[in-house]
Amino acid sequence: MSPTSPASPARSTSPESSKNPAPTRRLTTAQALVAFLARQYTERDGRRQRLISATWGIFGHGNVAGIGQALVEAGRGGNGTAHRMPYLQGRNEQAMVHAAVGYARQSGRLSAHAVTTSIGPGATNLVTGAALATINRLPVLLLPGDTFATRPADPVLQQLEVPYAGDVSVNDCLRPVSRYFDRITRPEALIPAALQAMRILADPAETGAVTLALPQDVQAEAYDWPEEFFAERDWHIRRPAPDTYELETAVRAIRSARRPLIVAGGGVRHSAAEETLAAFTAATRIPVASTQAGKGALRHDHPADVGGIGHTGTATADELARTADLVIGIGTRFSDFTTASGTLFADPAVRFLHLNITAFDAHKLAALPLVADARAGLDALTAALAGRGYRVDPAYETEYTGAKESWEERVEASFATPDPTARPTQTQVLGLLDDLVTEEDILINAAGSLPGDLHKLWRTRSRDQYHVEYGYSCMGYEIPAAIGVLLATGARSREHRPVWALVGDGTYLMNPTEIVTAVQENLPLKLLILQNHGYASIGGLSASVGAERFGTAYRHRDPDGGFTGPPLPVDLAANAASLGLRVLRAATVDDLRKALSEARDAEGPTCVYVETETPDTVSGPPPAQAWWDVPVAETASRPAAVKAREEYDRQVAARRRHL
């Protein structure tokens, strides 16, 4: 809490206000913002917590004397700890946003972090993280410094000069990736902007990245703030119930369905609707497939869980999708991976019913909309169907449970390690981890070939174990996100949950910087690096579309100018050790089994490094069970591209628009 000064007279000339001036507090804009943020709370289902629980920051001339100075006071001063603003030191601005997003997701979108940067490259480094947050509908507050509002020197260091507009700065790059954006050019403008920012962050239908751009002179300018601005505020997270007409329409659609299929998305998790979904499936026996964000909506061993859906899905879920006559989306955006680029839902008469808190998503694929909170909507559906005797045909239930058992046999085969002295494949690495973890463990991944393997094969044991960011699929997300998750799960207590960041070598090289933060904070990060010498996932995609794996391997150049020489002598384990991690190297299946167990028990940040076997199919799992549209060259001279185009034309012919 910032120190206060004697109340200044209220700025009014009316006789009444001069007799009873409203109490004010003289603070800088930055001090007022930090004090305001420390008093914002969310409330849902009777649970109350800080909306902005900490601020990440890297300081430069655009924020060091404003937000930086305010954080010094908010972190060390004040009357007790209730309204302190903890500070977290990052190493890369994009990574700080990823950490904040990981924290927000683990917190159920009920608590978030702020991120402050200087002007210039510090601010533009926020853009990727902001896009990730907004695409995944996860709250994060961005506080980039900005150029002088008063323009005493023009340009200042790192200022973008735009000849046709004097009011543009690099922070305008954040507009399209923010759910709310404002530039605070006067201290008093902060009051409505800050309130709007909190409203968006706490709104389950609107949330995402929120940006308040802060000119560096305005940050340090003092103003007499009304004390009311610093009152504690509770932002209620609403659970809107479905409209009566939409609910009745949905019930009729379900009752008439012979082969319904639920597609569970991230909205199930955000709404904490897992138990409600389980109750709905118990009553109806409708099978449940899951998107990347929705995996874990049901435990892997729940009878109705049929696994991931779409391009990276299971054969069980995808075959059900091809024959479904009603697809019930719950909290999902229906991305191209889920729909197999419009080729998956093949029944000519298929209809869609979308339960979603946002009308924008509820109307996709010409669906019957059920605009509501996922939990409230499922409760209403369960109650409405209860007295009408609906349940899927027993033969349909037998069909999908039998198919699920067959898929489990394929999972077992992928995880099997017949030779303990051999170098493991990527899927064998996952199998060894699968043998080790319990429902307490959390796995974090975002990019490369791992998301596909995990979506198809991983046996999720708890609602929050599976943390794969696949809305933006951003390389470099995993390590900082793991730090955010650790902070959200009480990593500084002795009863912390094991948190694993799974990365390939390509992803590691994108963004290893926050290893230093994990070491500084002594967070028990468990980093698993899989070395496969390049962009393995894109290499496989490149081969399938006729690009012949060009530019995807980490190898020396050959005499012809390609990259087919020996692997680069890069030692990522040594790099991780140089940043402060304890590193366990594993050369064989047996080595890896021991190293993973040792890392899980470790109380400090630990890395397991393993070089994986890289056959032609880099990870060795079952192949894709559904298509994904990556356009192939229509004309080409090389045979690989010509053949790939023939296959592309065959697949694209099956695409349809659901109108």
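Scroll up a little and you will see the structure.
For the structure given in this document, a descriptive report is provided here. Keep in mind that what you see is a predicted model, and the values were worked out from it rather than measured. (Residues numbered from 1 in each chain as written. Predicted model: local features only at pLDDT ≥ 70, side-chain atom pairs only at ≥ 80, totals over all residues. Heavy atoms only, no water.)

**A short note on the side chain of Thr211**
For step 1, the next point in the chain: Looking at the secondary structure, you find Thr211 in strand S9 (residues 209-215).
For step 2, the next point in the chain: Looking at Thr211, the relative accessible area reads 0%, which means it is buried.
For step 3, the next point in the chain: Residues within four places of Thr211 in sequence aside, it is in contact with Leu142, Pro144, Leu174, Ser178, Tyr180, Phe181 and Asp182. (Helix = DSSP H or I, 4+ residues; strand = E, 2+ residues; numbered from the N terminus. Buried < 20%, exposed > 50% of the residue type's maximum accessible area, 1.4 Å probe, protein only. Contact = heavy atoms within 4.5 Å.)

**Details of the packing of aromatic side chains**
For step 1, the next point in the chain: Considering all chains together, one arrives at 13 aromatic pairs under this definition.
For step 2, the next point in the chain: With centroids separated by 4.9 Å and ring planes inclined at 75°, the aromatic side chains of Tyr223 and Trp225 adopt a geometry described as edge-to-face.
For step 3, the next point in the chain: Ring centres of Phe334 and Phe345 lie 6.4 Å apart, and the angle between their planes is 70°; this geometry places the pair in the edge-to-face category. Within this pair, whereas Phe334 is found in the loop between strand S15 (326-330) and helix H13 (336-339), its partner Phe345 is found in the loop between H13 and strand S16 (351-356), the two being separated by eleven residues in sequence. Residue Phe334 shares its accessibility class with Phe345, and that shared class is buried. (Phe/Tyr/Trp six-rings, centres within 6.5 Å; stacked < 30°, edge-to-face > 60°.)

**A look at the sheet that holds strand S4 (residues 52-57)**
Whether parallel or antiparallel, the strands of a sheet pair through hydrogen bonds between backbone atoms.
For step 1, the next point in the chain: The strand order across the open sheet built from six strands is S5-S4-S6-S7-S9-S8, with neighbouring strands paired in parallel fashion. With partners counted over all chains shown, the strands left at the sheet margins are strand S5 (87-89) and strand S8 (180-183), one partner each. Each strand of the sheet is rotated relative to its neighbour by a mean of 20°, with strand direction disregarded.
For step 2, the next point in the chain: Alignment of S4 against strand S6 (residues 112-117), held across five bridges, turns out to be parallel. Note on S6: the bridge partner recorded for Ile52 is Ala112.
For step 3, the next point in the chain: Contacting S4, S6 and strand S7 (140-146), helix H4 (residues 93-106) crosses the sheet at an angle of about 170° to S6. (Pairing = 2+ DSSP bridges. Axes fitted to C-alpha atoms, helices over the stretch in contact; angles between N-to-C directions.)

**Considering the packing of helix H2 (residues 29-37) against helix H7 (residues 190-202)**
For step 1, the next point in the chain: The interhelical angle for the contact between H2 and H7, taken along N-to-C directions, is 30°, at an axis separation of 11 Å. The two elements H2 and H7 meet at a crossing, and its hand is right-handed. Across the interface between the two elements, Thr29, Ala32, Leu33, Phe36 and Leu37 from H2 touch Leu190, Ala194, Leu195 and Met198 from H7.
For step 2, the next point in the chain: The residue makeup of the contact of H2 with H7, split by class, is eight nonpolar, one polar and no charged. (Left-handed = near helix turned anticlockwise from the far one by under 90°. Nonpolar A, V, L, I, M, F, W, Y, C, P; charged D, E, K, R; others polar.)

**Focus on the pattern of salt bridges**
For step 1, the next point in the chain: A full pass over the atoms with the stated rule returns 41 salt bridges.
For step 2, the next point in the chain: Here Asp172 makes a salt bridge to Arg175, at a shortest N to O gap of 2.6 Å.
For step 3, the next point in the chain: What makes Asp172 buried here is its relative accessible area of 17%.
For step 4, the next point in the chain: Residue Arg175 is classed as partly exposed on the basis of its relative accessible area of 42%.
For step 5, the next point in the chain: Between Arg299 and Asp301 there is a salt bridge, with its nearest N and O atoms 2.9 Å apart.
For step 6, the next point in the chain: Judged by its relative accessible area of 34%, Arg299 falls in the partly exposed class.
For step 7, the next point in the chain: For Asp301, a relative accessible area of 44% corresponds to the partly exposed category.
For step 8, the next point in the chain: Connected via shared salt-bridge partners are Arg44, Asp45, Arg239, Asp373 and Arg375. (Salt bridge = Lys/Arg side-chain N within 4 Å of Asp/Glu carboxyl O.)

**Side note on the pairing of S8**
A regular strand carries its side chains on alternate faces of the sheet.
For step 1, the next point in the chain: Pairing geometry for S8 and S9, over four bridges, is parallel. Counterpart to Asp182 in the pairing with S9 is Leu212.

**So, a nonpolar patch on the surface**
For step 1, the next point in the chain: Together, Phe59, Val64 and Tyr87 make up a nonpolar patch on the protein surface, roughly 240 Å² of accessible area in all.
For step 2, the next point in the chain: Here Val64 lies in helix H3 (residues 64-76). (Patch = residues over 30% accessible without salt bridge, like charges linked within 9 Å, V, L, I, M, F, W, Y side chains within 5 Å. Areas by Shrake-Rupley, 256 points an atom, 1.4 Å probe, with all protein chains shown as cover.)

**Comments concerning the sheet that holds strand S22 (residues 582-586)**
For step 1, the next point in the chain: Ordered by their spatial adjacency, six strands build an open sheet running S19-S18-S20-S21-S23-S22, and the pairing between neighbours is parallel. What marks the edges here is a single partner per strand, and that holds for strand S19 (466-468) and S22. For this sheet the average axis-to-axis angle between neighbouring strands, irrespective of direction, equals 20°.
For step 2, the next point in the chain: Where S22 and strand S23 (residues 606-611) come together, five bridges link them in parallel fashion. In the strand pairing of S23, Ala586 is matched with Val610.

**Observations regarding the packing of helix H12 (residues 315-323) against helix H16 (residues 394-415)**
For step 1, the next point in the chain: As a packed pair, H12 and H16 sit with axes 8 Å apart at the nearest point and diverge in direction by 145°. Seen from H12, the contacting residues are Ala315, Thr316 and Leu320; seen from H16, they are Tyr396, Glu399, Tyr400, Ala403, Lys404, Trp407 and Arg410.
For step 2, the next point in the chain: Grouping the constituent residues of the contact of H12 with H16 by class yields six nonpolar, one polar and three charged.

**Notes on the environment of Leu320**
For step 1, the next point in the chain: Relative to the assigned elements, Leu320 resides in helix H12.
For step 2, the next point in the chain: Sequence separation of Leu320 and Phe345 is 25 residues, and the distance between their C-alpha atoms is 8.9 Å.

**Concerning the side chain of Ser449**
For step 1, the next point in the chain: With respect to the helices and strands, the residue Ser449 is situated in the loop between strand S18 (442-445) and helix H18 (450-457).
For step 2, the next point in the chain: For Ser449, the side chain forms a polar contact with the side chain of Gln426, separated by 3.0 Å. (Polar contact = N/O pair within 3.5 Å; in protein donor to acceptor, adjacent residues only side chain to side chain.)

**Remarks on unusual backbone geometry**
For step 1, the next point in the chain: Residue Pro155 is bonded to the preceding Asp154 through a cis peptide linkage, with omega at 10°.
For step 2, the next point in the chain: Relative to the helices and strands, Pro155 is located in the loop between S7 and S8.
For step 3, the next point in the chain: Despite not being glycine, Ala272 has its phi angle at roughly 55°, a positive value.
For step 4, the next point in the chain: Mapped onto the fold, Ala272 is located in the loop between helix H10 (266-270) and helix H11 (274-284).

**Structural notes on H12**
Because each turn of an α-helix spans 3.6 residues, side chains separated by three or four positions end up pointing in the same direction.
For step 1, the next point in the chain: Those residues of H12 that fall on the buried side of the exposure criterion are Ala315, Thr316, Ala317, Asp318, Leu320 and Ala321.
For step 2, the next point in the chain: Along its buried surface, H12 packs onto strand S12 (260-264), strand S13 (288-290), strand S14 (305-308) and H16.

**Here we look at empty space enclosed by the protein**
For step 1, the next point in the chain: On inspection of all chains with the given rule, the structure shows four cavities of 30 Å³ or more.
For step 2, the next point in the chain: In this structure, the largest cavity spans a volume of roughly 190 Å³.
For step 3, the next point in the chain: If you trace the largest cavity, you find 19 residues lining it, with Lys295, His300, Asp305, Gly307 and Glu408 closest to the centre.
For step 4, the next point in the chain: If you list the elements that add at least two residues to the lining of the largest cavity, you get S14, H16 and H18.
For step 5, the next point in the chain: Here the lining of the largest cavity gets four residues from one element, more than from any other, and that element is H16.
For step 6, the next point in the chain: Tallied by class, residues from the lining of the largest cavity come to six nonpolar, seven polar and six charged.
For step 7, the next point in the chain: There is about 50 Å³ of room inside the second largest cavity.
For step 8, the next point in the chain: Lining of the second largest cavity is provided by Asp505, Leu509, Gln531, His533, Tyr554, Leu568, Val570 and Leu572. (1 Å grid on protein atoms, 1.4 Å probe; cavity = no way out; pocket = protein on both sides within 12 Å on 5 of 7 lines; lining within 4 Å. Points joined across faces, edges and corners; volume = space filled by probe spheres on them.)

**Remarks on helix H25 (residues 639-652)**
For step 1, the next point in the chain: Taking 1.5 Å per residue as the helical rise, H25 with its 14 residues ought to reach 20 Å, and the 20 Å between its terminal C-alpha atoms agrees with that figure.
For step 2, the next point in the chain: Buried within H25 we find Ala641, Ala644, Arg645 and Tyr648. The arc that holds the buried residues of H25, viewed along the axis, is 105°, so those residues lie on one side. Facing away from the buried side of H25 by over 90 degrees, the exposed positions are Pro639, Lys643, Glu646 and Arg650. (Expected span 1.5 Å × (residues − 1). Arc of directions from axis to C-beta.)

**Quick look at the environment of Gly431**
For step 1, the next point in the chain: Summarising the element assignment, Gly431 is placed in helix H17 (residues 426-436).
For step 2, the next point in the chain: A sequence separation of 27 residues divides Gly431 from Trp458, and the C-alpha atoms of the two residues are 8.4 Å apart.

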